[in-house]
Every structure is written in structure tokens, then in C-alpha cells.
Amino acid sequence: MLHFVACIKQVPDSREIRIDPKTNTMIRLGVPAIVNYFDTRGVEAAIQLKEQFGGRVTVITMGPPTAEQALKECIAMGADEGVLVTDRAFAGADTLATSYVVAKTVEKCAETWGPVDIVFCGKQTLDGDTGQVGPGVACRLDCEQLTYVEDIEELDPTQRTITVRRHLEDGVQRVKAELPVLITALAELNQPRRASLPGVLRSVRYKPVVWTTADFPDLDRNKIGLRGSPTIVSKSWVPEARQVNTEMISGQTLGETVDKLLERLDESHVFEALNQV
Ligand SMILES: Cc1cc2nc3c(=O)[nH]c(=O)nc-3n(C[C@H](O)[C@H](O)[C@H](O)COP(=O)(O)OP(=O)(O)OC[C@H]3O[C@@H](n4cnc5c(N)ncnc54)[C@H](O)[C@@H]3O)c2cc1C
């Protein structure tokens, strides 16, 4: 049976984020929390593959107890199980410590529900925004990593291969890899479904599986939480808002508008600047 694991993070809704002008840190209090935008693509892809080939979808997150709500949202979409990995000892984790715990969780999911074939992560989160956790988890699990995936073209469970399209800066790459793999999802991968009524009803009653440090007997305490996080944020600041002057250019016809625009760009020495690039 195929086993898909989707890694999710609960993040503040970026449309509601404000910065404390005194401390220059994000004000999280009172900001609604959502499942990270890119992670919902991973969950949707896992559910679609399960619908096509059978199997199970396990959704995992390391976070505070409030992250339980994010797991319930994925259960409402159609995931089978949600695992919350939470413990004060995990708090303060940077991407190195997070990828260590997430990889350990994937291994424990494999022990509990069967070998894992595909791990899904988002390309990046909306708050931390590093994009490091997915590749870090793949390295620790010692499996192929397919990053920036915009389409899953084919999954062949018999041959145990997957073919995906990766969107890179200078083009598109088609890659075929052997399972197990870790995929990091782009927004273009799919359009996450709305939860169905039966899904919502199940999620209301659903209690996620909760694992703490006690559930990982071989955990290296030096690799988790603050102790396992060498990243130091030495300074943070809010960039100054740029002054932008806007000017409307219009004419009687499209041709006249374009002529006026070119004239205006010429006056502003835009073409000279471009020639020097
Ligand atoms: C008690 C507790 C409190 C925490 N509080 C905070 C907090 O206040 N702020 C904060 O930003 N983080 C918090 N974390 C989580 C952790 O510190 C971050 O998840 C980590 O630093 C990820 O960095 P990033 O956002 O840059 O991820 P990226 O590298 O940008 O994430 C890429 C992808 O990796 C996966 N991923 C990332 N983080 C997790 C995760 N935690 N669990 C499962 N999959 C994940 C997702 O699929 C994501 O799309 C907390 C964790 C615990 C246990």
C-alpha cells in the first residue's frame, strides 16, 4: 500500500501580519493562523494520488499545541491521519533542528503505518520563508529530493518510479526518479480542494496523534530545540517604504497612447539607463 506523508506548518495569515515598530518583530497575537499556502498543495497532491492509486495520507507537523487545528483542516480535506509533534524541548528550533525532528517523525510514521513512498513539503513557508526544511529532511532520510515541482506527470507504483516537472529559473526540467522521494510543492502543482461536509464532520471529532520527546527514545537531545539550532538572528528591521510616483498616460487610440508612453520614457532617460545595463 502506498504511503504519502505531507509535512505542514501552521503560519500566521500573511494578509493580516503587522510588525511591532518598537521591536521590529512580527506581531503574532490575534493574527489568524492558516496552513502554509504551499503545504496545502502537498496535501492535495497526496490525496489525489491516494484517490488514483489507493494508499494512505498522513499529515505531520512540529509545532505548538495550537497547530492541532491545522491538522484538522487537512483531515477535513481527506487525509487519513494527523500527527502533532509537540514538546517544549522542540521549541526555538531553526531549520536544522526542525528538519531533524521532521525526518524522525517520517521514520516513526513508517514504523507505525508502513514504509513511506512520497514525502511532500511546501516550497517554503510564508513566515520563516527559508525553503530549507524540505531539502534538509530529504538529506536526513537519504532519499531523492525533487524540488520546485509544478506537476506530477506519472506515478508508476509497480516500477516504483515517479516523473515530475520542476520549474527552474531558466526553464522547466522533467525528472524521473525512483521511490521513495521527497517533493517540494510549488503553488502551480494543483488547486487545493474545499473540505467536503463528511470531511468537516470527521475533522470536528478527530483527535490528532500527539508525539512528544518521550515517543522518540533514540532522539539526540543536542539536535533539537534551541540547543540544536545554530542559527542566530543578529538583527531584524522593516525596510522603508519606497516612494513611487504614478502617472497615467492615455491617448485617443492605442497607437497614440504607446507614442506618448515612449516619449515619456525617453524624457525620463529610461532608454539611456537600459543601454548601459
Ligand atoms: C513549541 C514550538 C513552537 C514553535 N514556534 C514557532 C514560531 O513561533 N515561529 C516559527 O516560525 N516556527 C515555530 N516553530 C516551528 C519551527 O521552528 C519552524 O518550523 C522551522 O524553523 C521552519 O523554518 P521555515 O519556516 O523557514 O521553513 P521552510 O524551510 O521555509 O519550510 C519548507 C517546508 O518544510 C515543511 N516544514 C517547515 N516547518 C515545519 C514544521 N514545523 N513541521 C512540519 N513541516 C515543516 C513545510 O512543508 C514547509 O513548506 C515552533 C515549533 C515548536 C515545536
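Novice: Help me understand the site of the ligand, please; the structure alone is not making it clear to me.
Specialist: Near the ligand you find 31 residues, and of these Cys121, Gly122, Gly128, Thr130 and Val133 are the closest. At the level of elements, helix H1 (37-53), strand E6 (56-62), helix H3 (95-113), strand E8 (118-122) and helix H4 (133-141) are the ones that each hand at least two residues to the shell around the ligand. When the residues that make up the shell around the ligand are grouped by side-chain class, the tally is 12 nonpolar, 14 polar and 5 charged.

Novice: Help me understand the pairing of strand E12 (residues 181-185), please; the structure alone is not making it clear to me.
Specialist: Within a regular strand, side chains alternate between the sheet's two faces. The buried fraction of E12 is high, at 5 of 5 residues. On E12, burial covers both faces: Val181, Ile183 and Ala185 on one face and Leu182 and Thr184 on the other are all buried. For E8 and E12, the ladder comprises 5 bridges, and the chain directions are parallel. Each residue of the ladder has a partner; that of valine 119, found in E12, is leucine 182. Sheet topology note: the strand E9 (residues 144-156)/E12 ladder contains 4 bridges and is parallel. Bridging from a neighbouring strand, glutamine 145 pairs with leucine 182 of E12.

Novice: Looking at this model, I keep getting lost on unusual backbone geometry. Mind explaining?
Specialist: The step from leucine 179 to proline 180 runs through a cis peptide bond, and the omega angle for that step is 0°. Checked against the element boundaries, proline 180 lands in the loop between strand E11 (171-178) and E12. Positive phi, close to 60°, is recorded for aspartate 142, a residue that is not glycine. Tracing the backbone through its elements, the reader meets aspartate 142 in the loop between H4 and E9. The phi dihedral of arginine 160 falls on the positive side, at around 55°, and the residue is not glycine. One can find arginine 160 in the loop between E9 and strand E10 (161-168).

Novice: Which parts of the structure should I look at to understand the sheet that holds strand E1 (residues 3-7)?
Specialist: Two strands in a sheet stick together by hydrogen bonds in their backbones, pointing the same way (parallel) or opposite ways (antiparallel). Read from one edge of the open sheet, 9 strands run E11-E10-E9-E12-E8-E1-E6-E7-E13, paired in mixed fashion. Each edge of the open sheet is held by one strand with a lone partner, namely E11 and strand E13 (209-211). Averaged over all pairs of adjacent strands, the angle between strand axes in this sheet comes to 30°, irrespective of strand direction. Inspection of the sheet shows E9 paired to E10 by 6 bridges, in the antiparallel sense. Residue aspartate 156 lies in a different strand from E10, and its bridge partner there is threonine 161.

Novice: Whenever I open this one, the environment of glutamate 272 confuses me. Can you help?
Specialist: Mapped onto the elements, glutamate 272 comes out in helix H7 (residues 270-276). According to the C-beta neighbour criterion, glutamate 272 is exposed, with 9 such atoms within 10 Å. Along the primary structure glutamate 272 and serine 203 are separated by 69 residues, whereas in three dimensions their C-alpha atoms are 60 Å apart.

Novice: Please explain the pairing of E8 as it appears in this structure.
Specialist: In terms of burial, E8 is a largely internal element, 5 of the 5 residues being buried. Side chains Ile118, Phe120 and Gly122 of E8 all project onto a buried face; the interleaved residues Val119 and Cys121 project onto the opposite face, where all are buried too. The pairing of E1 with E8 spans 3 bridges and is classified as parallel. Bridge pairing links alanine 6 to phenylalanine 120 in E8.

Novice: How should the domain arrangement of the chain be read in this particular structure?
Specialist: For interface size, the figure often reported is the accessible area lost on association. Domain assignment breaks the chain into domain 1 (3-223) and domain 2 (245-277). For domain 1 versus domain 2, the distance between C-alpha centres works out to 46 Å.

Novice: When you look at helix H6 (residues 254-267) in this model, what are you seeing that I'm missing?
Specialist: Because an α-helix packs 3.6 residues into every turn, residues spaced three or four apart end up facing the same way. Over its 14 residues, H6 runs 20 Å from end to end, which matches the ideal 20 Å to within 8%, given 1.5 Å per residue. Counting buried residues in H6 gives 0 out of 14 residues, a small share hidden from the surface. Looking at the residues trailing H6, positive phi occurs at histidine 269, about 60°.

Novice: Can you walk me through H1 in this structure?
Specialist: For H1, with 17 residues, the first-to-last C-alpha span of 25 Å sits near the 24 Å given by 1.5 Å per residue. The complete set of buried residues in H1 reads Phe38, Asp39, Thr40, Arg41, Gly42, Val43, Glu44, Ala45, Ala46, Ile47 and Leu49. Two residues or fewer past H1, glycine 54 is found with a positive phi of approximately 80°.

Novice: So what exactly am I meant to see when it comes to the nonpolar core here?
Specialist: It is characteristic of soluble globular proteins that their nonpolar side chains tend to be buried jointly. Counting residues in hydrophobic clusters, the biggest one holds 61 residues, and the most contacted among them are Ala6, Cys7, Val119, Phe120 and Val137. At 7 residues, the largest contribution of residues to this core is made by H3. The contact partners of valine 137, leaving out residues within four places of it in the chain, are Cys7, Ser99, Val102, Ala103, Val106, Val119, Cys121 and Leu182.

Reading the values: the criteria
- Residues numbered from 1 in each chain as written.
- Predicted model: local features only at pLDDT ≥ 70, side-chain atom pairs only at ≥ 80, totals over all residues.
- Near = placed C-beta within 6 Å.
- Helix = DSSP H or I, 4+ residues; strand = E, 2+ residues; numbered from the N terminus.
- Nonpolar A, V, L, I, M, F, W, Y, C, P; charged D, E, K, R; others polar.
- Buried ≥ 20, exposed ≤ 12 C-beta atoms within 10 Å, placed from the backbone.
- Pairing = 2+ DSSP bridges.
- Axes fitted to C-alpha atoms, helices over the stretch in contact; angles between N-to-C directions.
- Domains from an automatic or database assignment.
- Expected span 1.5 Å × (residues − 1).
- Core = buried A, V, L, I, M, F, W, Y, C linked by C-beta atoms within 7 Å.
- Contact = placed C-beta atoms within 7 Å.

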